[in-house]
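Below, each chain spelled out in residue letters.
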Amino acid sequence: AGNPVLQLWFDGELVRADAPLAPLTTHALHYGSGVFEGIRSYQTVDGGSAVFRLPEHMERMRKGCELLGIDFDVRQATAATLQVLRANRQSAAYIRPLAWCGTGSIGLDVAPLSKHLMVATFGTVVHLSGSAVKLGVSSWRRNPATSLPPLKLCGAYVNSILAKHEAKTRGFDEALFVDEAGMVVECTGANVFMLNGDKLTAVEHADALPGITRDTVIALTGAESRAVPLAELMQADEVFVCGTAAEVTPINILNEHRFAYDKRGREIAQLYRDVVSGADSSHRAWLTDVGLP
Ligand code: PMP
């Protein structure tokens, strides 16, 4: 009875997802010396299941690992992802691969440390939703790319956690990072778009993560990509954010300003759902079949 315990892939084996596996002296626990990804699989219109843009997620993870001195085998991580999805029989999941520095030293040089890889899957996704999504401009600055490159390095996410915590405390759903010059950067886990008339613009910023969903929306809509001041975003007809977990989420409120429309945002959200589910057959190349059921 009840939900079966999920499994996760850890250093080559499937193990219970709730097993205590990493020692408390794990380097990544102390210093954030790890790299992760956030990926999704979807049930497809033909009754199967597919991972969306798996190679692109793996390539971003490989780049982060390279920077941190962690060997990352894309083929192994890809196989592990598909194996754990099949083992858990999840046709739609949020997939979390994590590579990290383990034990062997408590110093900052990662060379002597053991390195590990795990892939966990979750049946539910934490994303932005609700009747009116409220975005608040953060008082925190985004990690500058010159100090922490915009990759999915574990420690870098403390910056997002601070901004998210502040946003929630102030009654917002999500935080918007803006730089010293008043340029829009991104949200804590999503990239930003605006619409003016027919013109769709993807906010571009050196400190923002190059989102795979952002890239997808640009490919689907032909949106331009450029730097956008906060003052201009405030004047937009519509604003939406996007990310693997958030998908495409229209923003209704930014600080005290309420946007009049979310029509185009909703249309693009639907288009995105059609693409990830294979209903839009022209983008099947982005889907990796899981082999379920
Ligand atoms: N920015 C940040 C900081 C993120 O963590 C994410 C989620 N990975 C995104 C943007 C959106 O990226 P993607 O579309 O690749 O999920």
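Cut-offs and rules
Residues numbered from 1 in each chain as written. Predicted model: local features only at pLDDT ≥ 70, side-chain atom pairs only at ≥ 80, totals over all residues. Helix = DSSP H or I, 4+ residues; strand = E, 2+ residues; numbered from the N terminus. Rg over C-alpha atoms; globule rule 2.2 N^0.38 Å. Buried ≥ 20, exposed ≤ 12 C-beta atoms within 10 Å, placed from the backbone. Contact = placed C-beta atoms within 7 Å. Near = placed C-beta within 6 Å. Nonpolar A, V, L, I, M, F, W, Y, C, P; charged D, E, K, R; others polar. Pairing = 2+ DSSP bridges. Axes fitted to C-alpha atoms, helices over the stretch in contact; angles between N-to-C directions. Parallel < 35°, antiparallel > 145°, perpendicular 65-115°, else oblique. Left-handed = near helix turned anticlockwise from the far one by under 90°.

K.L.:
Hey, could you run me through the overall build of the protein chain in this one?
P.N.:
Scanning the protein chain for helices and strands turns up seven helices and 18 strands. In summary, the protein chain has a C-alpha radius of gyration of 19 Å against a globular reference of 19 Å for 293 residues, a match within 12%. Residues counted as buried form 44% of the 293 residues belonging to the protein chain. Pairs at least 24 residues apart make up 66% of the contacts formed inside the protein chain by residues separated by at least 6 positions.

K.L.:
So what exactly am I meant to see when it comes to the site of the ligand here?
P.N.:
Close to the ligand lie 13 residues, the nearest being G211, I212, T213, G243 and T244. In terms of residue count, the dominant contributor to the shell around the ligand is helix α5 (residues 212–221) (three residues). Looking at the shell around the ligand residue by residue, the class counts come to three nonpolar, eight polar and two charged.

K.L.:
Is there a simple way to explain the sheet that holds strand β17 (residues 257–258) in this structure?
P.N.:
Taken in spatial order, the five strands of this open sheet run β10-β9-β8-β16-β17, and their pairing is mixed. Whereas interior strands pair on both sides, the edge strands pair on one side only; in this sheet they are β10 (184–187) and β17. As judged from the three bridges shared by strand β9 (residues 174–178) and β10, these two strands associate in the antiparallel manner. The residue bridging F177 from the neighbouring strand is E186, located in β10. Contacts from helix α4 (residues 157–169) reach β8 (134–137) and β9 within the one sheet, and its direction differs from that of β9 by about 125°.

K.L.:
Explanation requested: the sheet that holds strand β14 (residues 238–243) in the structure shown.
P.N.:
Sheet strands pair via backbone hydrogen bonds, and the direction of the pair is either parallel or antiparallel. Judged by pairing direction, the sheet is mixed, and its five strands sit side by side in the order β13-β12-β11-β14-β15 without closing on themselves. Strand pairing shows two members of the sheet lacking a second neighbour, β13 (224–226) and β15 (247–251), which therefore form its edges. Strand-to-strand, the axes of this sheet are offset by a mean angle of 30°, without reference to chain direction. Summarising the sheet, strand β11 (residues 191–196) and strand β12 (residues 199–203) pair through four bridges and their orientation is antiparallel. By the bridge assignment, F193 is partnered in β12 with A202.

K.L.:
Hey, could you run me through α5 in this one?
P.N.:
For an α-helix, the turn length of 3.6 residues means that residues three or four places apart are oriented alike. What α5 keeps buried is the set I212, T213, R214, T216 and V217. Where the residues of α5 are buried, they touch α2 (54–68), β11, β12, β14, β15 and α7 (263–276). Where α5 terminates, the next one or two residues include G222, which has phi positive at roughly 70°.

K.L.:
I would appreciate a short explanation of the packing of α5 against α7 in the present structure.
P.N.:
Each pair of packed helices gets described by two things: the angle between the helix axes and the distance between those axes. As a packed pair, α5 and α7 sit with axes 11 Å apart at the nearest point and diverge in direction by 100°. Classified by the angle their axes make, α5 and α7 are roughly perpendicular. Facing T216, V217, L220 and T221 of α5, the residues of α7 in contact are I268, L271, Y272 and V275. Residue classes in the contact of α5 with α7 are distributed as six nonpolar, two polar and no charged.

K.L.:
Help me understand the packing of α2 against helix α3 (residues 74–88), please; the structure alone is not making it clear to me.
P.N.:
Taken N-terminus to C-terminus, the directions of α2 and α3 make an angle of 130°; their axes are 10 Å apart at the nearest point. With respect to their mutual orientation, α2 and α3 come out oblique. You can see that α2 and α3 cross each other, and the crossing is right-handed. On α3, the residues touching L54, M58 and R62 of α2 are V74, A77, T78 and T81. Partitioned by chemical class, the residues of the contact of α2 with α3 number four nonpolar, two polar and one charged.

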